[in-house]
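Residues per chain, in single letters:
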Amino acid sequence: DAKGHGRNGMRFFNQQMQADISARAELAAGLRQAILNNELLLHFQPQLEREKGIVGAEVLLRWQHPEQGMISPARFIPVAESTGQILQIGHWVLEQSCLQLAEWARFPDTTHWYLAVNISARQLHSTNFVADVTRALQQSGAAPDKLVLELTESQLLQDVDTVIAKMQQLTNLGVRFSLDDFGTGYSSLSYLKLLPLQQLKIDHSFVRDLLTDPNDKAIVKTIMALGQSLELAVIAEGVESEAQYRKLLQLGCKQFQGYFFGKPQPLESFVLSAKVQSSI
Ligand code: C2E
Ligand code: MG
Ligand code: MG
Ligand code: MG
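Rules behind the numbers
- Residues numbered from 1 in each chain as written.
- Chains lettered and ligands numbered in written order.
- Predicted model: local features only at pLDDT ≥ 70, side-chain atom pairs only at ≥ 80, totals over all residues.
- Heavy atoms only, no water.
- Near = heavy atom within 4 Å.
- Polar contact = N/O pair within 3.5 Å; in protein donor to acceptor, adjacent residues only side chain to side chain.
- Areas by Shrake-Rupley, 256 points an atom, 1.4 Å probe, with all protein chains shown as cover.
- 1 Å grid on protein atoms, 1.4 Å probe; cavity = no way out; pocket = protein on both sides within 12 Å on 5 of 7 lines; lining within 4 Å.
- Sits in = over half its atoms within 2 Å of the grid points.
- Helix = DSSP H or I, 4+ residues; strand = E, 2+ residues; numbered from the N terminus.
- Points joined across faces, edges and corners; volume = space filled by probe spheres on them.
- Nonpolar A, V, L, I, M, F, W, Y, C, P; charged D, E, K, R; others polar.
- Buried < 20%, exposed > 50% of the residue type's maximum accessible area, 1.4 Å probe, protein only.
- Arc of directions from axis to C-beta.
- Donors = N, O, S within 2.8 Å, 3.2 Å for Na, K, Ca; no water.
- Salt bridge = Lys/Arg side-chain N within 4 Å of Asp/Glu carboxyl O.
- Axes fitted to C-alpha atoms, helices over the stretch in contact; angles between N-to-C directions.
- Parallel < 35°, antiparallel > 145°, perpendicular 65-115°, else oblique.
- Left-handed = near helix turned anticlockwise from the far one by under 90°.
- Contact = heavy atoms within 4.5 Å.
- pLDDT = per-residue confidence, 0-100.

Participant: What am I meant to see in the site of ligand 1 here?
Facilitator: Taken together, 20 residues are adjacent to ligand 1, and Arg62, Asn118, Asp180, Glu240 and Tyr259 come closest. Interatomic distance of 3.1 Å between a side-chain N/O atom of Asp181 and an oxygen atom of ligand 1. Between ligand 1 and Glu237, the relevant distance is 3.5 Å, taken from an oxygen atom to a side-chain nitrogen or oxygen of the residue. Within the complex, the protein chains bury 81% of what would otherwise be the 800 Å² of accessible surface of ligand 1. Cavity membership is defined here by more than half of the atoms lying within 2 Å of grid points; on that basis ligand 1 lies in the largest pocket. Of all the secondary-structure elements, those providing two or more residues to the shell around ligand 1 are β2 (53–65), α2 (73–83) and β6 (176–182). It is β2 that provides the largest number of residues to the shell around ligand 1, a total of four residues.

Structure, rendered in structure tokens:
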């Protein structure tokens, strides 16, 4: 009967919840260990610009677990976000990225490369955010205009005035901001105009079926038009095929990232393949 079914449903729900909670607690404890044991590392995925080739890379965090192998950031970032561990981790990513930029700046063939770093909501909303970014730049000697910070729309819904002030302070130093996963959130046109952004990043979900789904084509066209009217660069993420690349070019897109151009990879292989590509 309905009542019995409800009780079983509830018990199942509780068991499922309990399992989720334990899994997250285990992940959080593992993550504490990961920080201590240097199990976190950075991968680099090339970003390309029409007629220029590789212009930079997105920095993507990886967790090389001693027993479980590589754990996806899609799994552990939300946990780190809820425990607050993301603050420490995010700061480490920022420091490492700035050190890398300072290193690349020393050599003519890599000096123009920039890095795009993902910033979590907790980081952005922390009172130390501007000071932390500024310190990472100063201590490394990295040029601020080689640092791009990727934010998502949902992070920008709270404390809008404070966030804009922070973005403005960093923009004044030369740091650039990109709006990640664009099109999946709720930004209005008037709101976008208020933000000191330099780039919109078309979410990969609109690129995936671009060739077959007229809705996705319409969305990409709209984002391109939006970029043009707000004077923002537009980069497409998740470009996996030449056909997608050609379609995006046709729609006016000039910046690209995706498996078609290169997967996220360890530093050495990124640098090697980027140098080979730019010497062709
Ligand atoms: P994101 O910032 O939107 O990063 C793009 C994701 O798309 C990456 O997943 C990348 O590996 C994947 N990707 C790139 N090209 C392609 C493609 O052609 N096809 C497909 N299907 N996927 C592609 P990844 O590395 O698993 O990262 C997932 C998310 O985790 C990121 O999404 C970002 O939100 C978050 N993340 C990664 N590193 C960091 C970090 O250092 N800090 C913070 N706060 N978040 C991070
Ligand atoms: Mg990103
Ligand atoms: Mg994205
Ligand atoms: Mg994403």
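Participant: Explain the layout of surface pockets to me, please; I cannot follow it from the model alone.
Facilitator: To find leftover empty space, a probe the size of one water molecule is rolled over the atoms. Here the largest pocket is characterised by a volume of approximately 1000 Å³. Forming the boundary of the largest pocket are 38 residues, of which Glu58, Leu60, Asn118, Asp180 and Asp181 lie nearest the centre. For the lining of the largest pocket, the secondary structure elements donating two or more residues are β2, α2, α3 (85–104), α4 (121–125), β5 (147–152), β6 and α8 (204–208). Residue classes in the lining of the largest pocket are distributed as 15 nonpolar, 13 polar and 10 charged. When its volume is computed, the second largest pocket comes out at roughly 230 Å³.

Participant: Would you take a moment to explain α2 for this structure?
Facilitator: One turn of the α-helix equals 3.6 residues, which is why residues spaced by three or four share an orientation. Listed in full, the buried residues belonging to α2 are Phe76, Val79 and Ala80. Each buried residue of α2 sits inside an arc of 100° when the element is viewed along its axis, so together they form one side. Backbone geometry just downstream of α2 places Gly84 in the positive-phi region, at approximately 90°.

Participant: Got a minute to help me understand the coordination of the magnesium ion (ligand 2) in this structure?
Facilitator: For a metal with four tetrahedral donors the ideal donor-metal-donor angle is 109.5 degrees, whereas six octahedral donors ideally subtend 90 or 180 degrees. Within the first shell, the magnesium ion (ligand 2) binds the protein through Glu58 (OE), Asn118 (OD1), Glu150 (OE) and Asp180 (OD), at distances of 2.0 to 2.2 Å. All donors to the magnesium ion (ligand 2) come from one chain, and their sequence spacing reads E-x59-N-x31-E-x29-D. The distance between the magnesium ion (ligand 2) and the magnesium ion (ligand 3) comes to 4.2 Å, with Asp180 serving as a donor to both metals. Here Asp180 lies in strand β6 and Glu150 lies in strand β5, a separation of 30 residues in the sequence.

Participant: Whenever I open this one, the pattern of salt bridges confuses me. Can you help?
Facilitator: Oppositely charged side chains may form a pair once their charged atoms are brought near each other. Per the counting criterion, the structure on display carries 10 salt bridges. Among the ionic pairs, Glu49 bridges to Lys52, the shortest N-O distance being 3.0 Å. Assessed through its relative accessible area of 57%, Lys52 is described here as exposed. The closest approach of N and O atoms between Glu242 and Arg246, which form a salt bridge, is 2.7 Å. Of this pair, Glu242 and Arg246 are both found in helix α10 (residues 242–250), four residues apart, which corresponds to roughly one turn of the helix. Each of Glu58, Glu150, Lys201 and Glu237 takes part in one network of salt bridges that share partners.

Participant: How should the packing of helix α5 (residues 129–140) against helix α6 (residues 160–173) be read in this particular structure?
Facilitator: In helix packing, the relevant descriptors are the interaxial angle and the interaxial distance, both defined with respect to the helix axes. Running from N to C, α5 and α6 cross one another at 20°; their axes reach a closest spacing of 9 Å. Comparing the axis directions of α5 and α6 gives the class roughly parallel. Judged by the twist between their axes, the crossing of α5 over α6 is right-handed. Touching Phe129, Val130, Val133 and Thr134 of α5 are Lys166, Gln169, Leu170 and Leu173, all from α6.

Participant: How should I be thinking about the confidence of the model for the protein chain in this particular structure?
Facilitator: A low pLDDT means the predicted coordinates there should not be read in detail. With 95% of its residues at a pLDDT of 70 or more, the protein chain has an overall mean of 92. Reported for the predicted complex are a pTM of 0.93 and an ipTM of 0.97.

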